[in-house]
Structure formats: C-alpha cells, structure tokens
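Overview (structure and organization)
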Amino acid sequence: MAENVTFSRDNNDSIKEVSPLKRKVNETETESNSKSSSKRSKNDDDDTRKERKKEKKSKRSREERKKMKEVKKEKIDEKFYEEEIAPVQDPKVDKSRICPYLDTINRSVLDFDFEKLCSVSLSHINVYACLVCGKYYQGRGKLSHAYTHSVQDSHHVFLNLSTHKFYCIPDNYEVIDSSLEDIIYVLNPTFSTRHIQTLDKSAKMSRAYDGTTYLPGIVGLNNIKANDYCNVILQALSHVSPLRNYFLQEESYKGIKRPPGDQMFLVVQRFGELLRKLWNPRNFKAHVSPHEMLQSVVLCSKKKFQITQQGDALEFMSWFLNALHGALNGTKKLNSSIINKTFRGKMRVYSRKVPPLEMAEHEKQKLLLTEEYQETMSEIPWLYLTCDLPAQPLYPDELQENIIPQVPFHTILAKFNGTFEKEYKTYKDSTLKRFELTRLPPYIIVYVKRFTKNFFVQEKNPTIVNFPIKNIDFGDLLSPEVRAIHRNTTYDLMANIIHDGAPGPGKGTYRAHILHKGSGKWYELQDLHVADILPQMITLSESYIQIFELRTDIPNPAFTKEKPAGTSSNSTEKQGGVKNGNQQTVDMDLSS
C-alpha cells in the first residue's frame with residue numbers, strides 16, 4: 001500500500017512537472033488562435049471596406065455616367081456630326097497634296113457674306129462650305145449633313161469656316177494646296193500696315209472673278225429689303241480714314257475685354273469684317289452683302305432698326321457711333337476711343353429764359369433781374385452739328401411757279417458763331433440759346449434738319465443748300481481766343497448723304513456721294529448701283545448728312561503756339577456723357 005501511495009505521488013509529481021509545458025503550448029495555441037481570429041476579422045474588415053469602396057465607385061460611376069450623358073447631350077452636335085478620322089496616307093503618296101477634285105471647285109458661286117449656318121440643321125457648330133455649290137453644311141463625319149451631301153451630289157471639296165482648313169469628303173483627308181489661298185483671303189481678308197497706308201494714294205482698279213472691274217472701297221452694298229438707310233451710313237463711314245484704318249486690322253480691337261454676356265461687341269466685330277470686305281482688292285464679285293452686319297444691328301439695337309422697314313439715316317448713325325464707342329470701352333475722355341478721337345467736338349451753350357409776352361413791361365424788368373432769368377453757360381460735347389433750314393414759301397411766285405428755295409451754307413452755320421440766338425419754346429416757358437464752338441474735331445458731321453413733325457403729318461423742307469466742296473473754313477465760327485489754339489481750321493467735303501422722295505416712315509430712298517481720295521473722283525452709291533458723278537452735280541441735291549475732313553496742309557493764320565490765358569486744355573478736359581442702358585451714349589447737339 002505504501003508503494004502504491006508513493007507511486008501515485010510520483011505520478012502526481014510528474015504530472016505537476018509537465019503541466020507548465022502544456023501551459024506554454026496552450027498559450028501558443030491561444031495566441032495563434034487569437035492571431036488567426038484577428039486575421040479573419042481583418043480580412044472581414046477588408047472585405048467590407050472593399051465592398052464599401054465598390055459601392056462608392058458604383059455610385060460615382062452612376063453619377064459620372066449621368067454627367068457624361070448630359071455632356072453628350074450638350075455636345076451632340078459635335079459628337080454626332082464630327083468624326084475625327086485620321087487622314088488616309090500612303091507611305092508613297094500624300095493625298096492631301098494631290099487631291100483629284102480641285103478642278104471641281106466653282107469660285108463663281110462662293111459667297112461668304114451670309115451667316116455661317118448649316119442649310120439643313122441651321123446650326124453654327126462645325127459649319128463647312130461646299131466649294132462646288134457654295135452651300136453650308138454641318139460636320140464631316142459619316143452621319144453628318146456634309147458627308148451625306150458629298151455622297152449624294154458627288155461634291156467632295158469642303159472648307160471649314162472656323163479653322164480655314166480644306167477637306168476632301170467622304171475620304172476625309174485634309175487638302176493642302178497653294179491654289180486655295182485666294183478663297184481663304186476672300187473669307188477673311190487681312191491688311192498689313194504698309195497696305196493700309198497706300199489705300200488713299202492708289203487708284204488701281206481690281207478685277208472680280210466674273211471679269212467685272214471695281215475700285216476697292218467703292219463697292220455696292222446689297223439692299224436686302226429696306227436697309228438703304230443703313231447702307232449709306234456704312235458707305236460714308238468706310239471712307240473716314242482713321243476709322244477705316246482702325247477696323248481694317250483686327251488686332252486693334254481684338255484684345256478689348258468686355259463683361260461676360262455682352263452683345264454690343266458683336267457690332268464692332270461685324271463692322272470690322274464689313275470694312276475688310278469693302279476694301280478687299282481680291283473679291284470674287286464686285287458687291288458685298290451686309291447681311292451679318294445688319295443682323296448684329298437688329299440684335300444689339302433690340303429691333304429698333306430693322307432690315308425690312310425703312311428707318312432714318314441720322315438716327316441709325318447716332319446709335320451706331322454710340323454703340324461702337326461703348327463697345328470699345330469708351331469713356332468721357334476725348335482719347336478714350338477711336339470714335340471720340342475722330343468726331344468729338346466741344347461747344348459752349350449760353351441760355352437765358354425769356355419772360356412771357358403778355359406780361360407787363362415793368363414786371364419783365366423785375367424778372368430779368370432775378371437769378372432764374374440770368375444767362376447761364378455750360379460746356380458740352382457734340383458728335384454732329386444740327387443746322388436749321390429757313391421755312392419754305394407757302395405760295396408760288398408771280399409766275400405761279402413753285403421755285404425751290406436755296407440757302408448759302410454759311411447762313412445755316414451761323415447758328416454756331418456764338419452770337420446768333422435761337423428760341424426754344426416749351427409749354428411752360430421759352431429759352432434763348434446761343435452756341436459757341438470751342439473745339440473742332442478732325443471730322444465734322446453736319447446734319448441738315450429737313451423733316452418736321454406736327455400733330456397731323458410729317459413734312460420735308462426741300463430747300464437746297466449751296467455748299468462748297470473744298471476749302472471750307474470753320475474757323476470763322478470760332479472766337480479769336482479759341483481760333484488761336486487750332487492749328488488747322490479748313491475742311492473739305494468727303495461724303496454727302498441725300499434723301500429723295502416723300503417724308504414719313506417707309507417712304508423715300510437714300511443715296512450717298514463719296515470721294516475716293518486715291519483717284520480724286522466722286523462716286524454715287526445707291527445700294528448696288530455705283531457710278532461716277534461730277535462734283536458740280538453734288539450741290540444740286542437735297543443734302544441730309546455731310547462729313548467734312550480736316551486739311552492739315554492749310555495752316556490757320558491765326559494760330560499761336562502759346563495758349564491764351566483762360567482757355568482750357570482740350571486734350572485733358574473730361575467729356576460729358578449720358579448713360580442709356582448698358583452703353584454710354586455721347587451727347588449730341590442740343591439744337592436738334
């Protein structure tokens with residue numbers, strides 16, 4: 001029994017001795033189990049994270065797909081009509097330089113004066129001109145209108161109107177050939193500084209593609225329906241040298257920054273394009289259509305001036321010059337825009353109230369002593385001078401003949417000599433005003449007021465103004481102090497606009513007499529009609545608007561280098577302006 005007891009004790013001791021090892025094994029097992037469990041948990045976490053990422057990616061992809069669909073819808077014209085296909089080139093032959101269809105180009109049907117719209121979809125995106133038939137089509141991909149047109153009609157040479165690149169469709173490779181440069185020049189004429197300097201010295205005739213000859217600058221403008229009142233103004237302004245030279249080079253106004261969404265700058269762009277076409281010596285035809293120019297006028301004037309309805313030439317000229325001045329970021333300063341530098345003058349206006357006629361004499365004397373009836377002076381800028389005509393006779397002469405009255409030019413200009421007073425009546429009172437010119441611009445616009453309105457009818461004064469064509473001294477209108485600061489005061493007539501026919505909206509026609517400085521000849525332009533005219537015939541017409549150019553070769557004898565005391569600097573004086581809408585309107589002559 002004792003042995004058994006000792007054996008069991010020994011066994012118990014051995015068991016007790018082995019148990020620490022087991023504990024270590026157990027610990028390692030538990031650690032491994034814990035690690036494996038932690039790994040499993042980590043794997044589970046990774047899986048959940050991946051699932052979350054996938055969900056997020058799926059959400060993002062859905063949103064991106066929606067955005068892509070919207071973008072595709074917005075750019076459906078570009079994606080649908082424009083397939084960028086790599087030019088097919090043979091390592092031995094370059095098709096872009098030996099296109100077999102160049103002889104199918106018909107230059108007689110090409111006309112780039114109209115709006116660049118697809119003739120099928122009316123879209124302005126990716127518009128190509130077919131050089132065989134002259135029509136505009138969109139795109140050059142397999143599903144585009146240009147591709148369909150080329151396959152159906154076998155017209156293969158197209159011009160991209162925005163990039164100025166030529167393509168052969170349906171083969172879809174770019175055509176590079178020096179013989180096509182004349183088409184690019186007609187689409188977008190360019191003028192160098194040296195070329196611009198020779199415009200007023202050259203009388204060289206140009207020959208159009210159809211064989212007709214024309215003088216650059218003396219080109220007829222198409223009358224779409226009733227836009228002759230716009231055509232004469234555009235023709236006259238195209239011969240004002242500073243204005244023409246400024247707009248012939250696109251770099252002059254290309255860098256002008258305008259607020260986003262501004263539409264008025266479209267008038268500047270279209271006017272520059274029109275002038276470059278009028279003075280293009282390499283035109284395919286001897287006339288130009290002002291379609292794009294007039295569309296911008298209708299848009300920017302908010303349909304005040306229409307293509308289909310006759311308007312007033314003076315109102316259009318006033319709005320047009322104001323629109324150009326505002327779009328060119330013009331301010332009240334004289335040198336803020338090319339419009340101010342060319343046409344802006346200054347005058348002093350003296351005004352005083354007149355007592356009522358029915359008032360007693362002693363009461364009139366009392367009123368004249370009050371401050372309200374004292375003479376006041378204000379200095380204003382002007383863009384044109386409004387000249388009044390004397391009233392026409394109501395009855396015929398002794399021989400029962402209606403003789404058209406005549407008036408000398410210096411008589412209607414005497415209104416601005418500083419001493420002549422004119423009465424302006426209102427329903428309240430009447431005011432006497434006199435005008436004194438203080439600054440003469442390089443170009444003077446004179447408006448002869450022929451139309452008068454009353455409650456019943458609009459009347460036209462047919463009085464003929466006898467004006468000289470050359471050597472008109474406007475210095476006679478200036479005071480001695482003001483004349484002494486002007487180096488030149490002699491002007492020549494360079495444009496004369498006439499209104500023919502009855503007064504009233506939609507009645508009458510306009511024509512213009514323009515002096516071509518290079519040849520020294522006068523031309524009569526009425527829409528597409530262009531003919532030379534004798535200078536003696538110009539003075540016999542019913543002039544409506546005249547533009548005079550300063551002559552710098554005739555000095556002013558009264559000019560003094562030192563500025564008299566009391567005269568202000570013309571170059572630094574601020575101009576007055578009135579804001580109308582989003583643009584600044586320049587002040588006109590208050591006598592109108």
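Going by the structure above, here's the rest.
Rules and cut-offs
Residues numbered from 1 in each chain as written. Predicted model: local features only at pLDDT ≥ 70, side-chain atom pairs only at ≥ 80, totals over all residues. Heavy atoms only, no water. Helix = DSSP H or I, 4+ residues; strand = E, 2+ residues; numbered from the N terminus. Axes fitted to C-alpha atoms, helices over the stretch in contact; angles between N-to-C directions. Parallel < 35°, antiparallel > 145°, perpendicular 65-115°, else oblique. Contact = heavy atoms within 4.5 Å. Nonpolar A, V, L, I, M, F, W, Y, C, P; charged D, E, K, R; others polar. Expected span 1.5 Å × (residues − 1). Buried < 20%, exposed > 50% of the residue type's maximum accessible area, 1.4 Å probe, protein only. Polar contact = N/O pair within 3.5 Å; in protein donor to acceptor, adjacent residues only side chain to side chain. Pairing = 2+ DSSP bridges. Salt bridge = Lys/Arg side-chain N within 4 Å of Asp/Glu carboxyl O.

We now examine unusual backbone geometry. Here the residue pair Ile-169 and Pro-170 is connected by a cis peptide bond, since its omega of 15 degrees sits within 30 degrees of zero. Examined against the element boundaries, Pro-170 turns out to sit in the loop between β4 (166–168) and β5 (173–175). Its identity as a non-glycine residue notwithstanding, His-164 has a phi of 60 degrees, on the positive side. Residues other than glycine seldom take positive phi values, yet Lys-303 does so here, at roughly 65 degrees. As for its position among the elements, Lys-303 is in the loop between α10 (291–300) and α11 (313–327).

Take the packing of helix α9 (residues 265–278) against α11 next. One way to put it is that α9 packs onto α11 with a least axis distance of 8 Å and a crossing angle of 105 degrees. Classified by the interaxial angle, the pair formed by α9 and α11 is roughly perpendicular. Contacts between α9 and α11 involve Phe-265, Val-267, Val-268 and Phe-271 from the former and Trp-319, Phe-320, Leu-324 and Ala-327 from the latter. Here the residues of the contact of α9 with α11 are counted per class, giving 8 nonpolar, no polar and no charged.

With 15 residues, α11 extends 21 Å from end C-alpha to end C-alpha; this agrees with the ideal 21 Å at 1.5 Å per step. Most of α11 is tucked away, with 14 of its 15 residues classed as buried. The N-cap residue of α11 is Asp-312: its side-chain oxygen and the backbone nitrogen of Leu-314 are 3.1 Å apart. The first or second residue beyond α11 is Asn-329, which carries a positive phi of 60 degrees.

Reading across from one edge, β11-β10-β15-β14 is the order of the 4 strands in this open sheet, with antiparallel pairing throughout. Each end of this open sheet is capped by a strand with a single partner; those strands are β11 (376–382) and β14 (417–425). The average angle at which neighbouring strand axes cross in this sheet is 30 degrees, direction not considered. Pairing between strand β10 (residues 345–354) and strand β15 (residues 430–439): 9 bridges, direction antiparallel. The residue of β15 that forms the bridge with Lys-346 is Arg-439.

Now for the sheet that holds strand β3 (residues 157–160). With respect to topology, 5 strands assemble into an open sheet ordered β2-β1-β3-β4-β5, the strand pairing being antiparallel. Each edge of the open sheet carries a strand with a single partner, namely β2 (136–138) and β5. For this sheet the average axis-to-axis angle between neighbouring strands, irrespective of direction, equals 40 degrees. Relative to β5, β4 is paired through 3 bridges, and the arrangement is antiparallel. Directly across from Phe-166, in β5, lies its bridge partner Val-175.

Our next topic: α10. Buried residues dominate α10, accounting for 8 of its 10 residues. Of the positions making up α10, those classed as buried are His-291, Glu-292, Met-293, Leu-294, Ser-296, Val-297, Val-298 and Cys-300. Next to the buried residues of α10 lie α6 (228–237), α9 and α11. Where α10 ends, the next residue or the one after it, Lys-302, has phi of about 55 degrees, a positive value.

Attention now moves to the pattern of salt bridges. Under the criterion given, the structure shown has 24 salt bridges. With its nearest N and O atoms 3.3 Å apart, the salt bridge here joins Lys-116 to Glu-292. In this pair, Lys-116 sits in the loop between α2 (76–81) and β1 (127–130) while Glu-292 sits in helix α10, placing the two residues 176 residues apart along the sequence. Overall, the relative accessible area of 9% leaves Glu-292 in the buried class.

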